[in-house]
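# Residue-level structure breakdown
As a plain string of letters, each chain reads:
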Amino acid sequence: MKPFPIRIALATVLLMTATAATAAGSRVLGEGWRFHLGEAVGAAARDYDDSSWRTVRVPHDWAIEGPFAAEADGSTGKLPWKNQGWYRRGFSLPEGRPGQRVYLDFDGVMAFPKVYVNGQLAGEWDYGYTSFRIDATPYVVWGGENVIAVHVDTNRWGSRWYPGAGIYRKVTLQVAEAIHVAHWGLQVLARPGDDGAASATVRTAVENHGDRAADVTLRHEITAPSGAAVATGQQNLHLRAGRRASGELALDIADALLWDIDHPHLYTLTTIVLLDGVALDRQQTRFGVRSFEFTADDGFHLNGRRVQLYGVNLHHDLGPLGGAFNRRAAERQLEIMQEMGVNALPPAPEVLDLADEMGLVVWDEVFDKYAWTAGRPNLEPPLEEFSRRHIEATVRRDFNHPSIVVWSTGNEVWMEDELEGISPERVAMMADFVRELDLSRPVGMAGHIPPLVDGRNFAALDLMGWNYARRYMNYRAQYPDRPVIYSESASTFSTRGYYDPELPARDTDYSGAYQISSYDLNAAAWSDIPDFEFRLMEQDDYVAGEFVWTGFDYLGEPTPHAAQARSSYFGIVDLAGFPKDRFYLYRSHWRPDQTTVHLLPHWNWPNRVGKNVPVFVYTNGDAAELFLNGASLGLRRKGEVPERAPNLAAGAAATASSGEPAVAIDGHRGSEWRHDGAAADAWWRLDLGAPRTVAQFSLDLPTKDNNYAYVIETSEDGTAWTRLVDHPTHRIPRWSGPTRIIHEVPPTPARYVRIAWSEAVNLEQNARVPVGLAEFGVFGEPVENDYYDVTYEYRLRWNEVAYEPGELKAVAYMNGEVIGEAVVETTGAPAKLELVADRDVVTADGEDLAFVTVNALDAAGRPHPLADDLVYFTVEGAGRIEAVGNGNPLSFEPFRADRRQLFYGKALLILRPDRGAGGPITVRAVSPELQAAELVIETRAPTTR
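Here is a short report on the structure shown in this document. (Residues numbered from 1 in each chain as written. Predicted model: local features only at pLDDT ≥ 70, side-chain atom pairs only at ≥ 80, totals over all residues. Heavy atoms only, no water.)

## Observations regarding the overall build of the protein
The condition is simple: Where helices and strands are cited, they refer to DSSP runs of H or I of at least four residues and of E of at least two residues respectively, numbered from the N terminus. Only the C-alpha atoms count toward the radius of gyration. The rule for a globule is 2.2 Å times the residue count to the power 0.38. Only protein chains enter the area calculation, which uses a 1.4 Å probe; residues under 20% of their type maximum are buried, those over 50% are exposed, and those in between are partly exposed. When checking whether two residues touch, look at their non-hydrogen atoms; a contact exists if any pair is within 4.5 Å. Each accessible area is a Shrake-Rupley estimate made with a 1.4 Å probe; only the visible protein chains count as cover when residues are assessed. His is not counted, nor are the chain ends; Lys and Arg add positive charge and Asp and Glu add negative charge. Charge positions come from single atoms, namely NZ of Lys, CZ of Arg, CG of Asp or CD of Glu.
A tally of helices and strands in the protein yields 8 helices and 57 strands. Radius of gyration (C-alpha) of the protein: 31 Å, near the 30 Å computed for a compact globule of 945 residues. If you line up the protein on its principal axes, its C-alpha atoms span 105 × 70 × 65 Å. The buried share of the protein, taken over its 945 residues, is 60%. If you take every contact in the protein between residues at least 6 apart in sequence, the share linking residues at least 24 apart comes to 70%. With an accessible surface of roughly 36,300 Å², the protein has 48% of that area assigned to carbon and sulfur atoms. Treating the 90 positive side-chain charges of the protein as one cloud and the 128 negative ones as another, the clouds have centres 4 Å apart.

## Description of a nonpolar patch on the surface
Keep this limit in mind: A residue counts toward a patch only above 30% relative accessible area and without a salt bridge, and it is joined to like-charged neighbours within 9 Å or, for Val, Leu, Ile, Met, Phe, Trp and Tyr, to nonpolar neighbours within 5 Å. Definition used for salt bridges: Asp or Glu carboxyl oxygen within 4 Å of a side-chain nitrogen of Lys or Arg.
On the surface, L870, Y872 and V926 cluster together into a nonpolar patch covering about 200 Å² of accessible area. Tracing the sequence through the fold places V926 in strand β56 (residues 918-927).

## Observations regarding helix α1 (residues 327-340)
Quick note on the threshold: Here the expected length of a helix is defined as 1.5 Å per residue gap, with one fewer gap than residues. Polar contacts here mean pairs of N or O atoms no more than 3.5 Å apart (in protein, one a potential hydrogen donor and the other a potential acceptor; neighbouring residues in sequence count only if both atoms are side-chain atoms).
Taking 1.5 Å as the rise per residue, α1 with 14 residues should run 20 Å; its terminal C-alpha atoms sit 20 Å apart, in good agreement. Here α1 has its buried residues at R328, A329, A330, R332, Q333, L334, I336, M337 and M340. In this fold, the buried residues of α1 make contact with β23 (309-313), β24 (344-345), α2 (352-358), α7 (581-590), β51 (850-857) and β55 (906-913). At the N-terminal boundary of α1, the capping side chain belongs to N326, with an oxygen 3.0 Å from the backbone nitrogen of R328. G341 occupies a position one or two residues after α1 and carries a positive phi of about 120 degrees.

## Here we look at the sheet that holds strand β16 (residues 229-239)
Filter applied, for reference: Criterion used throughout: strands pair if DSSP finds at least two bridges between them. The convention used is that axes are lines fitted to C-alpha atoms, helices contributing only their stretch in contact, and that angles between N-to-C directions extend from 0 to 180 degrees.
With antiparallel pairing, 4 strands are arranged side by side in an open sheet as β16-β15-β18-β19. What marks the edges here is a single partner per strand, and that holds for β16 and β19 (278-287). Strand-to-strand twist of the sheet, defined as the mean angle between neighbouring strand axes without regard to direction, takes the value 15 degrees. Both strand β18 (residues 267-275) and β19 contribute to a ladder of 9 bridges, which runs antiparallel. Its bridge partner being in β19, Y267 is matched across the sheet by F287.

## Here we look at the side chain of H220
The residue H220 is located in strand β15 (residues 214-223) in this model. For H220, a relative accessible area of 1% corresponds to the buried category. Within the structure, the side chain of H220 is placed 3.1 Å from the side chain of Q235, a separation counted as a polar contact. The residues contacting H220, other than those within four sequence positions of it, are V202, T204, A231, T232, G233, Q235, L249, L251, L269, T270 and T271.

## A closer look at the sheet that holds strand β34 (residues 615-619)
Spatial strand order, β33-β34-β46: 3 strands in an open sheet with antiparallel pairing. This sheet does not close on itself; its edge strands, each paired only once, are β33 (597-600) and β46 (796-798). Direction aside, neighbouring strands of the sheet carry axes that sit 15 degrees apart on average. Of the pairings in the sheet, the one linking β34 to β46 comprises 3 bridges and is antiparallel in character. Bridge pairing links F616 to R797 in β46. Relative to β34, α7 is tilted by about 40 degrees, and along the sheet it contacts β33 and β34.

## Section: the packing of helix α6 (residues 530-539) against α7
Cut-off, in case you're wondering: Oblique is the label for any angle not covered by the other classes, which are roughly parallel (under 35 degrees), roughly antiparallel (over 145) and roughly perpendicular (65 to 115). Crossing chirality is assigned from the near helix's rotation relative to the far helix, an anticlockwise turn below a right angle marking it left-handed and a clockwise turn marking it right-handed. Amino acids outside the nonpolar list (Ala, Val, Leu, Ile, Met, Phe, Trp, Tyr, Cys, Pro) and the charged list (Asp, Glu, Lys, Arg) are all regarded as polar, and Gly is one of them.
In contact at an axis separation of 11 Å, α6 and α7 are set at 20 degrees when each is read in the N-to-C sense. Relative to α7, α6 is oriented roughly parallel. For the element pair α6 and α7, the recorded crossing hand is right-handed. Here α6 contributes P530, D531, F534 and E538 to the contact with α7, which in turn contributes R582, L585, Y586, H589 and W590. Along the lines of polarity and charge, the residues of the contact of α6 with α7 split into 5 nonpolar, 1 polar and 3 charged.

## Some words on the side chain of N411
Along the chain, the position of N411 falls in strand β26 (residues 404-411). Within the structure, N411 has its side chain in polar contact with the side chain of N467 (distance 3.2 Å). Contact partners of N411, with chain neighbours within four places excluded, come to R160, E365, F367, D368, K369, A446, N467 and E488.

## Concerning the pairing of strand β45 (residues 775-779)
In the case of a regular strand, side chains alternate between the two sheet surfaces. The element β45 is largely enclosed, with a buried count of 5 among its 5 residues. The alternating pattern of β45 places E775, G777 and F779 and F776 and V778 on opposite faces, both of which are buried. Looking at chain direction, strand β39 (residues 683-700) and β45 are connected through 5 bridges and run antiparallel. Looking across to β45, one finds that F697 is bridged to V778.

## Here we look at α7
Taken across its 10 residues, α7 has 9 buried, putting it largely inside the fold. Listed as buried for α7 are D581, R582, F583, L585, Y586, R587, S588, H589 and W590.

## Brief notes about the pairing of strand β14 (residues 198-208)
In terms of residue burial, β14 counts as a mostly covered element, since 9 of its 11 residues are buried. Summarising the sheet, strand β13 (residues 179-192) and β14 pair through 10 bridges and their orientation is antiparallel. Paired with L186 across the bridge in β14 is T204. Between β13 and the antiparallel strand that follows it, β14, lie 5 residues; G196 among them carries a positive phi value of about 90 degrees. With 10 bridges connecting them, β14 and strand β17 (residues 244-253) associate as antiparallel partners. Bridge pairing in β17 links S199 to D252.

## Side note on the environment of S494
Counting through the fold element by element, S494 comes out in the loop between β30 (492-493) and β31 (522-523). On the basis of relative accessible area, S494 is assigned to the buried category, the value being 1%. The spacing of S494 and R582 is 88 residues in sequence and 8.3 Å in space, taken between C-alpha atoms. Discounting chain neighbours no more than four positions away, the residues touching S494 are I516, S517, S518, D520, Y569, G571, K580 and R582. Here the side chain of S494 touches R582 through a polar contact of 2.8 Å, side chain to side chain.

Structure follows, in structure tokens:
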């Protein structure tokens, strides 16, 4: 099909870009929309005067422009996404023929859109994450001008993250003959055979909107990735007037190329609907030939071999671009993820084409819970009607993507019945809705409450995903014949470029300044660091693989600093697309055949000369040697855990208020001392046998540590006591938290140690919790939490390095052979700017984007890791600034601006080329104290086929 021409409508009151549609075909309605934020009485009317409204491009996210509200809820990004808005656009139609149809296909609108055509309500939708079609035929004017008006209202939407606002995915105008392929009416199911051939079953649904029956011919042709035709066939179909009919045809493909993560070969099916030899409709469908299987004991198999799923979760926002989808921005994200070793993800729907092309397997999920986060704050419409409709929209739309290997009906659904939480009946109902549409893929969901396995809640599913903390174990025990996926893992926190040399005692001990150290030792209270999950996946090899939360930072959910920040710390890559150190930890483990040698932190520590700065190396090698200014600091090998000071409690005598106190010092966390009475009467006492110096205590408690108020006292003689610890109850963390707590105390001589409780209560639930100890440790010097022992299996650590300026170098080895090295140096002051584009040439189609990294360099050309200068941008030529960013979760600078402050030496500039013939874009970056930088990016007109 040729592109439809664009013309400007000069009608007195419309004043908007109009699209002229040919007799049949489609056109993406991207440019020329008018937008108004807030209420606009009468804006649905055809002749409404929208001349004062802004002109915007769709996809569009009205909230990403801000401004940020520092006092707002950080969980949804502190951006003004709750409001209502109006979009209007014109389009023209030629004279129509009887029975012709006009459709408007919306890929996604946030939220609750009402679509008006020429002033009449043509349709509406009630879920922001699924696509929908509006039949505009009864309301259009053939041979004249038409107006679309879309009202969007996010006020009733509920979200746990930044959802965006507006028509955030593309809109397509479809003009069809009376007889045409139904919406999402083509399905191809292709399976490889034993002899290298493949069988492709083509199912076609055709609609007849005419007033008489018709006999049509469906002509199918399959072309290989090379473009050569490899199979053809045709079938006849009888269509009753005003009805739909379906046909099925099997086509054989000789010497089929398989779709795989390494070679994602895609075939194209061209289907033509003919009536009396005249083509009425022509559709193209991409598909892949592949076989896959989830097994209970050996994970995931693709095309006959086991494939460990190295996955990430990606939110639908695109950082500084917000929720408005852009293919190049999504492609850039996936390119970065693939470089790290990712082969699986649960994507936003429009990412599926890219997943097909790039060889990524997909977990395709419909809902996050079923109530307020699904757009049903009042549980209306009824769940059965609501879920069937949106499951159907998802499965029919996505059926042909070879990347999809699982349908998921929900994520982290509650147990509460009043919120329509998990029950056997609801789980089975939704699974059956999926199976009515597709039997070729398993149906699952992502759970997070292990006791919900009881009662056969998940019996209707083919497999389960489980989020965090090895919660799949209960499901594994009850359903040993069902596959398991680790659907969310490793909610690790870090801020790119920020390091706290005082390493945390626990993964939930976060450093100050509301940034989180990039030593990669911090995680959310409900999760673990990456190394912990690496070991789990090796140990529990029946699990198909993990999906890390998350690949990229995203807007909203800035745990643990929701009051202060506006974007998350979870990402392996920051919000601007700059890899954090953790990126290289994953790469070193997920891509063992590729050389990775990454050294951290930076080496600019002017205030720490002579003081300790820990150094880590992430490598696929098995060992590395560290050099500081040429002097070796020793060789480290993976798997070597440093010796720690002995636990003085081992072998000591214990007494307690009740129970068996000795089990708290038996070296086994599976056994536990419990107090039988009220918390205020609970005590536990240890006799070390002789006075010893104590400097650290560790306690493993029955529930999270913030549920307990206690004191720890010591005595040399059992009579005079010194209070060293006074630990109160507190409300944070709310849902889950660490059960281990470590107290460092001033070195104190003591023979006796006593713990006395005053309270044991969950303040959020106002419920008592048990008093007890699984393990108690006493140490004569501070020792590292043995939770971190696992890090020595996957990274190389020099915990004690006295800082001195100069060169820090790591040389990595595998089996005694050097595989590579990494160097960081102490730099001079920031002196100049550098601009680096992701590509030298971009397409002048108005949709492509260029991502330009801004670096601060010293006089010698070395990146400065601490520069925070404000940089101003000017752009001339065939493009404009689309957005700016820097990855700082605490920044309230606008994303739409001509300036950005560097964050740990970096910023991002995103350019959108103009639509047209192409030409150069000249970018200049200036900052008062730095030498300016200039960059030229070429844009070229789109190629036509």
